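What follows is each chain in one-letter form.
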Amino acid sequence: MDYQNDFLPPDGALAVPGGDELVDRINELIELFPHSLATRDWHPENHYSFEENGGKWPKHCLQETRGAEFHPHLYQEKLDFKLKKGFDPEDRSDYSGFSAETEGGKELAKVLREAGAERLFVAGLALDYCVRATALSGLEEGFQVVLLEDCTEPVNGDDGERAIEEIRSGGGEIARSTDLEF
Ligand code: VGL
Ligand code: ZN
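Residues numbered from 1 in each chain as written. Chains lettered and ligands numbered in written order. Predicted model: local features only at pLDDT ≥ 70, side-chain atom pairs only at ≥ 80, totals over all residues. Heavy atoms only, no water.

### Description of helix 4 (residues 157-169)
In an α-helix there are 3.6 residues to a turn, and that puts residues three or four apart on one side. Its 13 residues give helix 4 an end-to-end C-alpha distance of 19 Å, which sits within 8% of 18 Å, the value for a rise of 1.5 Å per residue. Among the residues of helix 4, Gly160, Ala163, Ile164 and Ile167 are the ones counted as buried. One side of helix 4 carries all its buried residues, which in axial view fall inside an arc of 100 degrees. Turned more than 90 degrees away from the buried face of helix 4, the exposed residues are Asp158, Glu161, Arg162 and Ser169. Buried residues in helix 4 make contact with helix 3 (127-140), strand 4 (144-153) and strand 5 (173-175). (Helix = DSSP H or I, 4+ residues; strand = E, 2+ residues; numbered from the N terminus. Expected span 1.5 Å × (residues − 1). Buried < 20%, exposed > 50% of the residue type's maximum accessible area, 1.4 Å probe, protein only. Arc of directions from axis to C-beta. Contact = heavy atoms within 4.5 Å.)

### Considerations on the sheet that holds strand 5
Strand order in the open sheet made by the 3 strands is 3-4-5, with parallel pairing throughout. Each end of this open sheet is capped by a strand with a single partner; those strands are strand 3 (119-125) and strand 5. Neighbouring strand axes in the sheet, compared pairwise and without regard to direction, differ in orientation by 30 degrees on average. Packed on one face of the sheet, helix 1 (residues 23-32) meets strand 3 and strand 4 and runs near 150 degrees to strand 4. (Pairing = 2+ DSSP bridges. Axes fitted to C-alpha atoms, helices over the stretch in contact; angles between N-to-C directions.)

### Some words on the packing of helix 3 against helix 4
Two numbers describe how helix 3 lies on helix 4: the axes approach to 10 Å, and their chain directions differ by 5 degrees. When the axes of helix 3 and helix 4 are compared, the pair comes out roughly parallel. Judged by residue contacts, Leu127, Asp128, Arg132, Ala135, Leu136 and Leu139 of helix 3 engage Asp159, Gly160, Ala163, Ile164, Glu166 and Ile167 from helix 4. (Parallel < 35°, antiparallel > 145°, perpendicular 65-115°, else oblique.)

### Here we look at the coordination of the zinc ion (ligand 2)
Surrounding the zinc ion (ligand 2) are the protein donor atoms Asp41 (OD), His43 (NE2) and His60 (NE2), at 2.0 to 2.1 Å. With 4 donor atoms in place around the zinc ion (ligand 2) and angles of 88 to 165 degrees between them, the coordination shape is irregular. In primary-sequence terms, the residues that donate to the zinc ion (ligand 2) follow D-x1-H-x16-H. Taken as a pair, His43 in the loop between strand 1 (37-41) and strand 2 (81-85) and His60 in the loop between strand 1 and strand 2 lie far apart in primary sequence, 17 residues in all. His60 carries the same exposure label as His43, and that label is buried. (Donors = N, O, S within 2.8 Å, 3.2 Å for Na, K, Ca; no water. Tetrahedral: all angles 85-135°; square planar, octahedral: opposite > 155°, others 65-115°.)

### Considerations on the site of ligand 1
Surveying the vicinity of ligand 1 reveals the residues Asp2, Phe7, Leu14, Asp41, Trp57, His60, Lys85, Tyr95, Leu125, Ala126, Tyr129 and Cys130. One of the backbone nitrogen or oxygen atoms of Cys130 is found 2.9 Å away from an oxygen atom of ligand 1. The fraction of the free accessible surface of ligand 1 (260 Å²) that becomes covered by protein chains is 99%. A per-class count over the shell around ligand 1 returns 8 nonpolar, 1 polar and 3 charged. (Near = heavy atom within 4 Å. Polar contact = N/O pair within 3.5 Å; in protein donor to acceptor, adjacent residues only side chain to side chain. Areas by Shrake-Rupley, 256 points an atom, 1.4 Å probe, with all protein chains shown as cover. Nonpolar A, V, L, I, M, F, W, Y, C, P; charged D, E, K, R; others polar.)

### Some details on the pairing of strand 1
Judged by how many residues are buried, strand 1 sits mostly within the fold: 4 of 5 residues are covered. With 5 bridges connecting them, strand 1 and strand 2 associate as parallel partners. Looking across to strand 2, one finds that Leu37 is bridged to Phe81.

### Describing the nonpolar core
Counting residues in each nonpolar core, the largest one holds 23 residues, and the members touching the most others are Phe98 and Leu147. Mapped onto this core, the elements with two or more residues apiece are helix 2 (108-114), strand 3, helix 3, strand 4 and helix 4. If you tally residues by element for this core, the top one is helix 3, at 6 residues. Leaving out residues up to four positions away in the same chain, Phe98 has contacts with Leu108, Ala109, Leu112, Leu120, Thr134, Ser137, Gly138, Glu141 and Phe143. Counting 20 residues, the second-largest nonpolar core is a separate cluster that includes Tyr3, Leu8, Val16 and Ala68. (Core = buried A, V, L, I, M, F, W, Y, C linked by side-chain atoms within 4.5 Å.)

Structure, rendered in structure tokens:
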């Protein structure tokens, strides 16, 4: 989820501590799994979540800017799907990857159902926002969800712990990428 320059130290507009250190593990996952997809936060200037528009975040992931591009080392050519979210200035449900769409306007749930996916392994940024919301909506949509806890970081540490508990009590599984067996 949202593995983009603006969420990465040292100079992302909304840098998540330690977020840049996940790239090798995430790339290993992309190689390991038969299918993979990534979401991107893709905001317009007038997005509700920006401080200047009354929201809680500094301006980040502006459409067509370097901050909205994926981490430069991410194996994005190996992804089956890339989806964008957060492009509607007023859509307040947009932390979830399930609000994201492909270039052709197909929503994540539809992409997954058409691919016959039953189980979703979730990694990326940020644990307490996009990753949390995606895992919880995946469970609500009826998918099995596995959070890869060593492949994500929170904006706020305590909120990250809380997110893990919420995902677990919602029926999600918490695992480490190093424990995956195929
Ligand atoms: C996110 C903060 C602001 C996220 C998006 O995708 O986790 N967090 N916008
Ligand atoms: Zn955002």
